[in-house]
Amino acid sequence: MGTGARRRARGDGGGASVELEGTIGQFSLRELIEMVVYSSVTGVLTLGGGEEAGRIYFRDGLPYDARAAEATGFDAAALLFELRDVPFHFVAGSTSQEETLWMDPWELIERGEEHARIWSGLRPFIPGLDWVPAVLTSPVNDHVHISDVAWPVLAAVDGQRSVAEIGEHLELATVDVCTGLVELLRQHLIALHPPRPPHPPAPPAPEEPQDEGGFFERLIARTLEEERRRTSDPSAGQISDPDVQARVGRE
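Peer 1: What is the right way to read helix 6 (residues 174-186) from this model?
Peer 2: Side chains that are three or four residues apart share a direction in an α-helix, a result of its 3.6 residues per turn. Here helix 6 is 13 residues long and its end C-alpha atoms lie 18 Å apart, about the 18 Å a rise of 1.5 Å per residue gives. Regarding helix 6, the residues found buried are Val175, Val177, Cys178, Gly180, Leu181, Val182, Glu183, Leu184 and Leu185. On its buried side, helix 6 packs onto helix 3 (105-122), strand 8 (132-135), helix 4 (150-156), helix 5 (163-170) and strand 9 (190-193).

Right, here's the structure in full:
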């Protein structure tokens, strides 16, 4: 791939895994994917570092899984096409248990670059997918024109759903939701608010007093207790009322 990328073999006890590393800027993601495709190699291409690193996994040169931030599949790959001046490295032999990409690698490149171009115009308006759009009660413009793309997005804006939640509600791609939101922002029909703070956990509910049982349960227990007392104390079964004793004697 020319000057700027470094290739090396790393021993791990079970053979050597080929590594290629460099910086996005020296090489584009298009060039890196083409290199993997032409080599028909299995492995993972990692861009960036730390927890925010993105990855595309290849099997025999074909991409089959992509991950970036919390996104997977094409959404993750599209995010990687936006990266500039970040380190990359490719490690042969690494695999993923997931499969989130099914498109042709050339389609992945074309669509990924197109999404990156679109997002470059959207990012300045959308600080994050967890921000919450709300309709302005007094629009600045008296005459507005809302496109077919923005209409369903406007209908889903309720001041509660975040950008990501609107996409889930409408079952629309994130880029389409943000395109509609930017159109509405430019016409001053909505405003974006920071993410809602998480709700504190609710205190545990007080324990309910233990129920001693229903009416029939108490009645049965009382009857059994009286029966036990009569059988254990012979005098308990004798009649104590004198008038009743007299009547019983006359009978």
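Peer 1: Just to check I follow, could you spell out the nonpolar core for this structure?
Peer 2: For soluble globular proteins, the rule of thumb is that nonpolar side chains tend to be buried together. Counting residues in hydrophobic clusters, the biggest one holds 31 residues, and the most contacted among them are Ile33 and Leu45. Elements supplying a minimum of two residues to this core: helix 1 (29-39), strand 3 (43-47), strand 4 (54-59), strand 5 (62-68), helix 2 (73-80), strand 7 (87-92) and helix 3. Setting aside anything within four residues of it in sequence, one finds Leu45 in contact with Leu29, Leu32, Gly54, Arg55, Ile56, Phe58, Phe88, His89 and Phe90. Counting 21 residues, the second-largest nonpolar core is a separate cluster that includes Trp119, Ile126, Leu181 and Leu192.

Peer 1: Where do I start with the confidence of the model for the protein in this structure?
Peer 2: A low pLDDT means the predicted coordinates there should not be read in detail. Averaged over all residues, the pLDDT of the protein equals 83, while 76% of them reach at least 70. Confidence, expressed as mean pLDDT per element, reaches its minimum in the protein at helix 8 (residues 242-250) with 50 and its maximum at strand 4 with 97. Every residue in residues 11-16 is under pLDDT 50, and counting partners more than four places away or in other chains gives 4 contacts.

So, how was this worked out
Within each chain, residue numbers correspond to sequence positions counted from 1 in written order. Selection of residues for local features in this predicted model requires a pLDDT of at least 70, selection of side-chain atom pairs for listing and counting requires 80 or more, and totals for whole chains, interfaces and linings are taken over all residues. Only hydrogens and water are set aside; all other atoms, that is, all heavy atoms of the structure, feed into the side-chain values. To qualify as a helix, a DSSP run of H or I must reach at least 4 residues; to qualify as a strand, a run of E must reach at least 2; elements of each kind are numbered from the N terminus. Expected span, for any helix, means 1.5 Å times one less than how many residues it has. Whether a residue is buried, partly exposed or exposed follows from its accessible area with a 1.4 Å probe, protein chains only, as a fraction of its type maximum: under 20%, in between, or over 50%, in that order. We call two residues in contact when some of their heavy atoms are within 4.5 Å. Among buried residues, the Ala, Val, Leu, Ile, Met, Phe, Trp, Tyr and Cys ones that are joined through side-chain atoms within 4.5 Å form a nonpolar core. The pLDDT value expresses, per residue, how confident the predictor is, ranging between 0 and 100.

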